[in-house]
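Fold and contact review
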There are 2 protein chains.
Amino acid sequence: MAEDCLFCKIVNRQIPSEFLYEDENFVVIKDINPHAPVHLLILPKHHIRSINDMEKQDSELVGNMFLVAKQMAKEQGVNESGYKVGFNVEKGGGQVIFHLHLHLLGGWEK
Amino acid sequence: MAEDCLFCKIVNRQIPSEFLYEDENFVVIKDINPHAPVHLLILPKHHIRSINDMEKQDSELVGNMFLVAKQMAKEQGVNESGYKVGFNVEKGGGQVIFHLHLHLLGGWEK
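Residues numbered from 1 in each chain as written. Chains lettered and ligands numbered in written order. Predicted model: local features only at pLDDT ≥ 70, side-chain atom pairs only at ≥ 80, totals over all residues. Heavy atoms only, no water.

Tallied over the entire structure, the rule returns five aromatic pairs over all chains. Ring geometry for Phe66(A) versus Phe66(B): centroids 5.3 Å apart, planes at 20 degrees, classification stacked. Of this pair, Phe66(A) sits in helix α2 (residues 59–75) while Phe66(B) sits in helix α2 (residues 59–75), on two different chains. (Phe/Tyr/Trp six-rings, centres within 6.5 Å; stacked < 30°, edge-to-face > 60°. Helix = DSSP H or I, 4+ residues; strand = E, 2+ residues; numbered from the N terminus.)

Put into C-alpha coordinates, the structure is as follows:
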(Lines give C-alpha, C1' and ligand atoms only; values in the text may rest on other atoms or scores of the structure.)
Protein backbone atom coordinates (compact mmCIF):
# COMPACT_ATOMS: atom_id res chain seq x y z
CA MET A 1 0.00 0.00 0.00
CA ALA A 2 1.24 3.46 -0.92
CA GLU A 3 0.76 6.28 1.58
CA ASP A 4 -1.70 9.00 0.68
CA CYS A 5 -3.00 7.01 -2.28
CA LEU A 6 -6.75 7.49 -2.68
CA PHE A 7 -7.25 4.18 -4.48
CA CYS A 8 -5.19 2.26 -1.90
CA LYS A 9 -7.52 3.71 0.74
CA ILE A 10 -10.55 2.66 -1.30
CA VAL A 11 -9.41 -0.93 -1.92
CA ASN A 12 -8.47 -1.22 1.77
CA ARG A 13 -11.87 0.15 2.83
CA GLN A 14 -10.37 3.11 4.69
CA ILE A 15 -12.58 5.29 2.50
CA PRO A 16 -16.10 3.90 2.00
CA SER A 17 -16.98 3.16 -1.59
CA GLU A 18 -19.51 0.95 -3.35
CA PHE A 19 -17.82 -2.09 -4.85
CA LEU A 20 -19.60 -3.48 -7.91
CA TYR A 21 -17.18 -6.41 -7.78
CA GLU A 22 -14.42 -7.64 -5.52
CA ASP A 23 -12.08 -10.60 -5.54
CA GLU A 24 -8.67 -11.36 -4.07
CA ASN A 25 -6.86 -9.04 -6.46
CA PHE A 26 -9.32 -6.43 -7.74
CA VAL A 27 -12.22 -4.16 -6.92
CA VAL A 28 -14.54 -2.39 -9.34
CA ILE A 29 -16.10 1.01 -8.62
CA LYS A 30 -18.05 3.58 -10.59
CA ASP A 31 -16.14 6.59 -11.89
CA ILE A 32 -17.42 9.57 -9.88
CA ASN A 33 -17.09 11.78 -12.97
CA PRO A 34 -18.54 9.49 -15.66
CA HIS A 35 -17.72 10.09 -19.32
CA ALA A 36 -20.24 7.52 -20.59
CA PRO A 37 -23.54 6.00 -19.38
CA VAL A 38 -21.46 3.10 -18.04
CA HIS A 39 -18.07 4.17 -16.70
CA LEU A 40 -16.38 1.77 -14.30
CA LEU A 41 -12.88 1.59 -12.90
CA ILE A 42 -11.12 -1.73 -12.32
CA LEU A 43 -8.52 -1.30 -9.58
CA PRO A 44 -5.83 -3.79 -8.57
CA LYS A 45 -5.45 -4.04 -4.80
CA HIS A 46 -1.69 -4.07 -5.33
CA HIS A 47 -0.35 -0.55 -5.82
CA ILE A 48 1.24 0.05 -9.21
CA ARG A 49 1.69 3.73 -10.05
CA SER A 50 0.93 3.56 -13.78
CA ILE A 51 1.57 1.52 -16.93
CA ASN A 52 4.94 3.32 -17.06
CA ASP A 53 5.80 1.57 -13.77
CA MET A 54 4.54 -1.86 -14.78
CA GLU A 55 7.17 -4.61 -14.68
CA LYS A 56 7.37 -8.03 -16.30
CA GLN A 57 6.03 -9.75 -13.18
CA ASP A 58 2.86 -7.62 -13.37
CA SER A 59 1.79 -8.96 -16.78
CA GLU A 60 -0.64 -11.59 -15.57
CA LEU A 61 -2.21 -9.15 -13.09
CA VAL A 62 -2.67 -6.53 -15.82
CA GLY A 63 -4.06 -9.16 -18.19
CA ASN A 64 -6.48 -10.36 -15.53
CA MET A 65 -7.91 -6.83 -15.29
CA PHE A 66 -9.34 -7.42 -18.77
CA LEU A 67 -11.01 -10.65 -17.69
CA VAL A 68 -12.71 -8.64 -14.94
CA ALA A 69 -13.60 -5.95 -17.49
CA LYS A 70 -15.09 -8.54 -19.84
CA GLN A 71 -17.22 -9.92 -17.01
CA MET A 72 -18.31 -6.44 -15.88
CA ALA A 73 -19.24 -5.46 -19.45
CA LYS A 74 -21.53 -8.49 -19.55
CA GLU A 75 -23.04 -7.72 -16.16
CA GLN A 76 -23.67 -4.12 -17.23
CA GLY A 77 -25.26 -5.28 -20.49
CA VAL A 78 -22.74 -3.57 -22.77
CA ASN A 79 -20.71 -6.58 -23.93
CA GLU A 80 -22.59 -6.87 -27.22
CA SER A 81 -23.32 -3.18 -27.82
CA GLY A 82 -19.61 -2.45 -27.36
CA TYR A 83 -17.27 -0.73 -24.98
CA LYS A 84 -13.81 0.76 -24.60
CA VAL A 85 -11.26 -0.39 -22.02
CA GLY A 86 -8.04 1.47 -21.44
CA PHE A 87 -5.49 3.17 -19.27
CA ASN A 88 -4.57 6.84 -19.15
CA VAL A 89 -0.85 7.18 -18.52
CA GLU A 90 0.69 10.24 -16.86
CA LYS A 91 -0.97 13.65 -16.59
CA GLY A 92 -0.76 14.40 -20.30
CA GLY A 93 -2.50 11.09 -20.98
CA GLY A 94 -5.33 11.96 -18.62
CA GLN A 95 -4.20 10.06 -15.52
CA VAL A 96 -5.41 11.82 -12.37
CA ILE A 97 -4.92 9.18 -9.66
CA PHE A 98 -1.51 7.53 -9.66
CA HIS A 99 -2.67 4.02 -8.81
CA LEU A 100 -3.22 1.88 -11.89
CA HIS A 101 -6.89 1.76 -12.94
CA LEU A 102 -8.61 0.47 -16.03
CA HIS A 103 -11.45 2.56 -17.44
CA LEU A 104 -14.43 0.69 -18.91
CA LEU A 105 -16.79 2.91 -20.92
CA GLY A 106 -19.95 1.92 -22.74
CA GLY A 107 -23.71 2.15 -22.93
CA TRP A 108 -23.86 4.94 -25.49
CA GLU A 109 -27.13 5.30 -27.40
CA LYS A 110 -27.14 3.69 -30.81
CA MET B 1 -4.44 -17.84 -38.06
CA ALA B 2 -7.97 -16.83 -38.97
CA GLU B 3 -8.96 -16.79 -42.62
CA ASP B 4 -9.65 -13.44 -44.20
CA CYS B 5 -8.27 -11.59 -41.19
CA LEU B 6 -6.37 -8.47 -42.26
CA PHE B 7 -4.20 -8.41 -39.14
CA CYS B 8 -3.34 -12.12 -39.42
CA LYS B 9 -2.16 -11.37 -42.95
CA ILE B 10 -0.10 -8.43 -41.70
CA VAL B 11 1.59 -10.32 -38.83
CA ASN B 12 2.29 -13.22 -41.22
CA ARG B 13 3.75 -10.82 -43.82
CA GLN B 14 1.23 -11.80 -46.47
CA ILE B 15 0.40 -8.11 -46.69
CA PRO B 16 3.47 -5.83 -46.57
CA SER B 17 3.49 -3.45 -43.62
CA GLU B 18 6.16 -1.49 -41.77
CA PHE B 19 6.84 -3.06 -38.38
CA LEU B 20 8.07 -0.58 -35.78
CA TYR B 21 8.69 -3.55 -33.49
CA GLU B 22 8.52 -7.32 -33.73
CA ASP B 23 9.17 -10.16 -31.32
CA GLU B 24 8.02 -13.76 -31.02
CA ASN B 25 4.50 -12.77 -29.98
CA PHE B 26 3.78 -9.25 -31.21
CA VAL B 27 4.21 -6.73 -33.98
CA VAL B 28 3.68 -2.97 -33.80
CA ILE B 29 2.42 -0.94 -36.76
CA LYS B 30 1.22 2.63 -37.29
CA ASP B 31 -2.53 3.18 -37.45
CA ILE B 32 -3.29 4.11 -41.07
CA ASN B 33 -5.99 6.52 -39.86
CA PRO B 34 -4.23 8.18 -36.90
CA HIS B 35 -6.26 9.92 -34.20
CA ALA B 36 -3.19 11.46 -32.50
CA PRO B 37 0.32 12.53 -33.55
CA VAL B 38 1.51 9.14 -32.31
CA HIS B 39 -0.99 6.35 -32.96
CA LEU B 40 0.38 2.82 -32.93
CA LEU B 41 -1.28 -0.58 -32.87
CA ILE B 42 0.19 -3.48 -30.90
CA LEU B 43 -0.96 -6.76 -32.49
CA PRO B 44 -0.55 -10.24 -31.05
CA LYS B 45 0.50 -12.76 -33.70
CA HIS B 46 -1.99 -15.18 -32.16
CA HIS B 47 -5.52 -14.48 -33.38
CA ILE B 48 -7.95 -13.46 -30.66
CA ARG B 49 -11.13 -11.85 -31.99
CA SER B 50 -11.62 -9.25 -29.24
CA ILE B 51 -11.48 -8.72 -25.49
CA ASN B 52 -14.93 -10.37 -25.41
CA ASP B 53 -13.25 -13.54 -26.69
CA MET B 54 -10.27 -13.42 -24.33
CA GLU B 55 -9.92 -16.46 -22.06
CA LYS B 56 -8.06 -17.03 -18.81
CA GLN B 57 -5.06 -18.51 -20.62
CA ASP B 58 -4.67 -15.28 -22.63
CA SER B 59 -4.02 -13.10 -19.55
CA GLU B 60 -0.25 -13.06 -19.71
CA LEU B 61 -0.29 -12.39 -23.46
CA VAL B 62 -2.69 -9.47 -23.00
CA GLY B 63 -0.61 -8.15 -20.08
CA ASN B 64 2.55 -8.40 -22.16
CA MET B 65 0.96 -6.12 -24.77
CA PHE B 66 1.27 -3.34 -22.18
CA LEU B 67 4.97 -4.03 -21.67
CA VAL B 68 5.39 -3.58 -25.42
CA ALA B 69 3.25 -0.42 -25.25
CA LYS B 70 5.37 0.97 -22.41
CA GLN B 71 8.53 0.35 -24.44
CA MET B 72 7.05 1.87 -27.60
CA ALA B 73 5.87 4.96 -25.68
CA LYS B 74 9.46 5.46 -24.56
CA GLU B 75 10.86 4.93 -28.06
CA GLN B 76 8.34 7.42 -29.47
CA GLY B 77 9.22 9.95 -26.78
CA VAL B 78 5.73 10.12 -25.26
CA ASN B 79 6.28 8.13 -22.06
CA GLU B 80 6.70 11.24 -19.92
CA SER B 81 4.33 13.57 -21.77
CA GLY B 82 1.62 10.92 -21.46
CA TYR B 83 -0.39 8.56 -23.57
CA LYS B 84 -3.52 6.44 -23.69
CA VAL B 85 -3.55 2.68 -24.26
CA GLY B 86 -6.73 0.75 -24.82
CA PHE B 87 -8.92 -1.65 -26.71
CA ASN B 88 -12.10 -0.91 -28.62
CA VAL B 89 -14.51 -3.83 -28.19
CA GLU B 90 -17.19 -4.68 -30.76
CA LYS B 91 -18.53 -2.30 -33.41
CA GLY B 92 -20.29 -0.01 -30.93
CA GLY B 93 -17.02 0.32 -29.03
CA GLY B 94 -15.18 1.35 -32.17
CA GLN B 95 -13.61 -1.97 -33.13
CA VAL B 96 -13.18 -2.20 -36.90
CA ILE B 97 -10.79 -5.14 -37.34
CA PHE B 98 -11.74 -8.26 -35.40
CA HIS B 99 -8.24 -9.31 -34.38
CA LEU B 100 -7.24 -7.98 -30.96
CA HIS B 101 -5.17 -4.80 -31.17
CA LEU B 102 -4.07 -2.31 -28.57
CA HIS B 103 -4.20 1.38 -29.51
CA LEU B 104 -1.41 3.60 -28.20
CA LEU B 105 -2.12 7.33 -28.61
CA GLY B 106 0.03 10.26 -27.58
CA GLY B 107 2.15 13.18 -28.67
CA TRP B 108 -0.51 15.86 -28.34
CA GLU B 109 0.70 19.44 -28.07
CA LYS B 110 0.87 20.75 -24.54
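Let us now look at the relation of the copies chain A and chain B. The two copies are related by a screw motion: chain A maps onto chain B through a turn of 180 degrees and a shift of 0.0 Å along the axis, at an RMSD of 0.0 Å. Between the two chains, the operation in question is that of a two-fold axis. When the interface residues of chain A are mapped onto chain B, 100% of them are again interface residues, pointing to one common binding face. (Least-squares fit on C-alpha atoms with pLDDT ≥ 70 in both. Contact = heavy atoms within 4.5 Å.)

Attention now moves to the nonpolar core. By size, the foremost hydrophobic cluster in this structure holds 52 residues, and its most contacted members are Phe66(A), Phe87(A), Leu104(A), Phe66(B), Phe87(B) and Leu104(B). Setting aside residues no more than four positions away along its own chain, Phe66(B) makes contact with Ile51(A), Met54(A), Val62(A), Phe66(A), Phe87(A), Val85(B), Phe87(B) and Leu102(B). (Core = buried A, V, L, I, M, F, W, Y, C linked by side-chain atoms within 4.5 Å. Buried < 20%, exposed > 50% of the residue type's maximum accessible area, 1.4 Å probe, protein only.)

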